[in-house]
Amino acid sequence: MKIIIIEDELKAAKSLANLISKIRPKAQVVANLQSIDDAVQYFSENENPDLIFMDIQLSDGLSFEIFQSVKISCPVIFCTAYGEYAMDAIKANGIDYLLKPFSQDDLQKAFEKVDQFQNFFQQNKLPNMDELLKRIGPDEGKKSFLVFKHNKYTTVPTEQIAFIYIRNESPTIMTLKEEEYTLSQSLDTIQNQLSSLQFFRLNRQYIINFNAIKEVEHYFDRKLFVKLVIPSPEKLLIGKEKTTAFLNWLENR
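Figured I'd write up the structure that's included with this text. (Residues numbered from 1 in each chain as written. Predicted model: local features only at pLDDT ≥ 70, side-chain atom pairs only at ≥ 80, totals over all residues. Heavy atoms only, no water.)

**Here's the deal with the pattern of salt bridges**
Tallied over the entire structure, the rule returns six salt bridges. The salt bridge partner of E180 is R167, with a shortest N-O separation of 3.6 Å. Of this pair, E180 sits in strand β12 (residues 180–182) while R167 is found in strand β10 (residues 161–167), placing the two residues 13 residues apart along the sequence. For R167, a relative accessible area of 37% gives the class partly exposed. With its nearest N and O atoms 2.8 Å apart, the salt bridge here joins E217 to K227. One end of the pair, E217, is in strand β15 (residues 213–218); the other, K227, is in strand β16 (residues 224–228), and ten residues separate them in sequence. A relative accessible area of 26% means that K227 is categorised as partly exposed. Bridged by salt links that share partners, the residues E215, E217 and K227 form one connected network. (Salt bridge = Lys/Arg side-chain N within 4 Å of Asp/Glu carboxyl O. Helix = DSSP H or I, 4+ residues; strand = E, 2+ residues; numbered from the N terminus. Buried < 20%, exposed > 50% of the residue type's maximum accessible area, 1.4 Å probe, protein only.)

**A closer look at the sheet that holds strand β13 (residues 199–201)**
In spatial order, the strands read β12-β11-β10-β14-β13; together these five strands make up an open sheet with antiparallel pairing. Among the strands making up the open sheet, the edge pair consists of β12 and β13. The average undirected angle you get between the axes of adjacent strands in this sheet is 20°. When β13 meets strand β14 (residues 206–209), the two strands line up antiparallel, connected through three bridges. (Pairing = 2+ DSSP bridges. Axes fitted to C-alpha atoms, helices over the stretch in contact; angles between N-to-C directions.)

**Structural notes on the environment of K71**
Within the fold, K71 resides in the loop between α3 (66–69) and β6 (76–80). For the pair K71 and V40, spaced 31 residues apart in the sequence, the C-alpha separation amounts to 9.4 Å.

**A word on the packing of aromatic side chains**
Inspection of the entire model under this criterion finds 13 aromatic pairs. Taken together, a centroid distance of 5.8 Å and an interplanar angle of 80° make the contact between F210 and W249 edge-to-face. Separated by 39 residues along the polypeptide, F210 in the loop between β14 and β15 and W249 in helix α9 (residues 243–251) bring together distant segments of the chain. Note on F210: relative accessible area 26%, which makes it partly exposed. (Phe/Tyr/Trp six-rings, centres within 6.5 Å; stacked < 30°, edge-to-face > 60°.)

**A short note on the sheet that holds β16**
On the basis of which strands lie adjacent, the open sheet formed by three strands has the order β15-β16-β17 and antiparallel pairing. Pairing within the sheet leaves two strands with one partner each, and these edge strands are β15 and β17 (236–238). Sheet twist, expressed as the average angle between the axes of neighbouring strands with direction ignored, equals 25°. In this structure, β16 lies alongside β17, joined through three bridges in antiparallel fashion. Paired with V226 across the bridge in β17 is L236. Against the sheet, α9 engages β15, β16 and β17, with an angle of about 145° to β15. (Contact = heavy atoms within 4.5 Å.)

Put into structure tokens, the structure is as follows:
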């Protein structure tokens, strides 16, 4: 059995690989991928494995975005630390999950479930990923953020956010009215609270709102230059390795 692990935490990926070797000594972990970009590139150039262990929340977005760019024709076991919504949705769609932190016994049961549904997976009948996304809830996202400025608390509706970026090492909201508010959460945490249909993580510094995009231009070295309806402190460029995912995001709305 050939297995791929998609996990952005190296320690967690190594621990999972060690557990797999104990439970299935003959299994081979053929790749450890750390991001959506890595996964899209890998599956674009290589055949699908027999099984994938996939963390839901990666450094550059939700792993479900991978399915928008490439075809996955093998069973997937999702791993997540936020299982309240994912559990029922994933189980209802015939895919198992591992809730972090998981034990060897949890992993053993996951393998047993894959074995039970082996015939199902051989027919390539995968669950509808669009339906899975809707049921887990990332499309809806957070409605507003509580912020503190000028010694007062107020809320900023998510729909009014143009982009969120790192300013002076702190995540900062920039609204469509060019108002700024500093947030206390990390940019990764903020990203996980936003709708994956409405917001896109350009890079480690910026998350942008679809409604704030004015136009997108081709740039040097197969990059894309994103222009917003309001000025941004820096030129917003998307590297060639992420252009396909970004264009799919623009189109699939």
